[in-house]
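Observations on the three-dimensional arrangement
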Amino acid sequence: MEQEEHVAEETDTEVLDEPEVVDAEDALRQELQAAQNQAKELKEHVLTISAEFENFRRRQQEEQKRRQVLMKEELFRELLPLVDNLDRSLDAARANPSVESLLKGVELIRRGFDRLLENNEVTLIGTTGVEFDPALHEAMMVEERDDVPDQSIVQELQKGYKIGDRVLRASMVKVARNAQPTNKN
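Structure report, in brief. Throughout this document, residue positions are counted from 1 along each chain, in the order its sequence is written. Confidence filtering applies because this is a predicted model: local features only for residues at pLDDT of at least 70, side-chain atom pairs given and counted only at 80 or more, and all residues used for totals across whole chains, interfaces and linings. To obtain the side-chain values, all non-hydrogen atoms of the structure were used and water was disregarded.

Bringing the overall build of the chain into the picture now. Per the convention used, a helix needs a DSSP run of H or I reaching at least four residues, while a strand needs a run of E reaching at least two, with both numbered from the N terminus. Across its full length, the chain carries two helices and six strands. Secondary structure elements of the chain, listed N to C terminal, follow the sequence α-α-β-β-β-β-β-β. Here, residues are in contact when the closest pair of their heavy atoms is within 4.5 Å. By sequence separation, contacts in the chain at least 24 residues apart represent 58% of the contacts at least 6 residues apart. For the chain, the accessible area works out to roughly 15300 Å², and carbon and sulfur atoms hold 54% of it. Note on areas: these come from Shrake-Rupley sampling with a 1.4 Å probe, and a residue is covered only by the protein chains present in the view.

Right, dumping it as structure tokens:
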């Protein structure tokens, strides 16, 4: 009889444990479903953000292209009066073949270019009395000289220009090199 009671107790325990197992399984299923739903929402969110970023990148590229076109238009709009002055100078030189009329026309065009450069904050790179700087100057020639400091620029071969701190074109220069004393032992 003790065995029967013991068996009955085990059966009662099993019966009592079974609803708890079912509840635990249901809870796990609900947690799994919630996690799957959350993963699905996150995936959709990532896809949405990815699409928005791609659209933003495309719009930025289009805007950059538009700005480049506008900048080109503005530059050429400013160049056209200089082309007109060049045409007028050529016409005047043909009508009056004196050098002075051609010279005046070329000077007028040069002043127009100077204004254009100044309006766009393009400045000359200094070379007179300046020490050679490879960031600003390109040494085309070297000349042995003792009358000026070593590495100083002695002649500008082609002008260089900057816009702000950026070099548009380095100055081409001739640089002095002091003669090396020879050691005779």
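On we go from here.
With that settled, the discussion passes to the sheet that holds strand β4 (residues 161-163). Taking strand neighbours across the sheet as the criterion, the three strands line up as β1-β4-β5 in an open arrangement whose pairing is antiparallel. What marks the edges here is a single partner per strand, and that holds for β1 (122-124) and β5 (166-169). When the angles between neighbouring strand axes are averaged without regard to direction, this sheet yields 35°. The criterion for strand pairing is that DSSP finds at least two bridges linking the strands in question. Examined bridge by bridge, β4 and β5 share three bridges and lie antiparallel to one another. Within β5, the position partnered with Tyr161 by the bridge is Arg169. The axes used here are C-alpha line fits, helices contributing only the stretch in contact, and every angle between their N-to-C directions lies in the interval 0 to 180 degrees.

Moving on, we come to the environment of Phe113. Secondary-structure assignment places Phe113 in helix α2 (residues 99-119). Buried residues are those whose accessible area, probed at 1.4 Å on protein chains only, stays under 20% of the maximum for their type, while exposed residues exceed 50% and partly exposed ones sit between those limits. Residue classification places Phe113 among the partly exposed residues on the basis of a relative accessible area of 34%. Separated by 31 residues in sequence, Phe113 and Leu82 place their C-alpha atoms 7.3 Å apart. If we ignore the near neighbours within four places in the chain, the residues touching Phe113 are Leu79 and Leu82.

This part takes up the sheet that holds strand β6 (residues 171-177). Adjacent strands of a sheet pair through backbone hydrogen bonds, lying either parallel or antiparallel. Ordered in space as β2-β6-β3, the three strands form an open sheet in which the pairing is mixed. Edge strands, defined here as strands with exactly one partner in the open sheet, are β2 (137-144) and β3 (153-158). Across the sheet, the mean angle from the axis of one strand to that of its neighbour is 25°, orientation sign disregarded.

This part is about the pattern of salt bridges. Throughout this description, the term salt bridge denotes a Lys or Arg side-chain nitrogen within 4 Å of a carboxyl oxygen of Asp or Glu. Summed over the entire model, instances satisfying the criterion amount to 14 salt bridges. The salt bridge partner of Arg29 is Asp26, with a shortest N-O separation of 3.5 Å. Taken as a pair, Arg29 and Asp26 lie in helix α1 (residues 2-95) at a separation of three residues, close to a single helical turn. You can call Asp26 partly exposed: its relative accessible area is 34%. A salt bridge links Arg77 to Glu73, with the shortest nitrogen-to-oxygen separation between them at 4.0 Å. On the criterion of helical spacing, the pair formed by Arg77 and Glu73 is a turn pair, its members being four residues apart in helix α1. Among the ionic contacts, a cluster of salt bridges with common partners joins Glu143, Arg145, Asp147 and Lys174.

Attention now moves to the environment of Arg169. Its place among the elements puts Arg169 in strand β5. When the C-alpha positions of Arg169 and Gln158 are compared, they lie 9.5 Å apart, and in sequence the two are eleven residues distant. The residues touching Arg169, leaving out its near neighbours within four places in the chain, are Ile125, Gln158, Lys159, Gly160 and Tyr161. Counted as a polar contact is a pair of N or O atoms within 3.5 Å, where, for protein atoms, one must be capable of donating a hydrogen and the other of accepting one, and residues adjacent in sequence contribute only when both atoms are in side chains. Polar side-chain contacts of Arg169 include one of 2.7 Å to the backbone oxygen of Lys159.

Nonpolar side chains (Val, Leu, Ile, Met, Phe, Trp, Tyr) are joined into patches within 5 Å and like charges within 9 Å, using only residues with over 30% relative accessible area and no salt bridge. A surface patch of nonpolar side chains, about 290 Å² in accessible area, is lined by Leu86, Leu90, Leu102 and Val106. Sorting the residues of the nonpolar patch by element identifies α1 and α2 as the ones contributing at least two each. Tracing the backbone through its elements, the reader meets Leu102 in helix α2.

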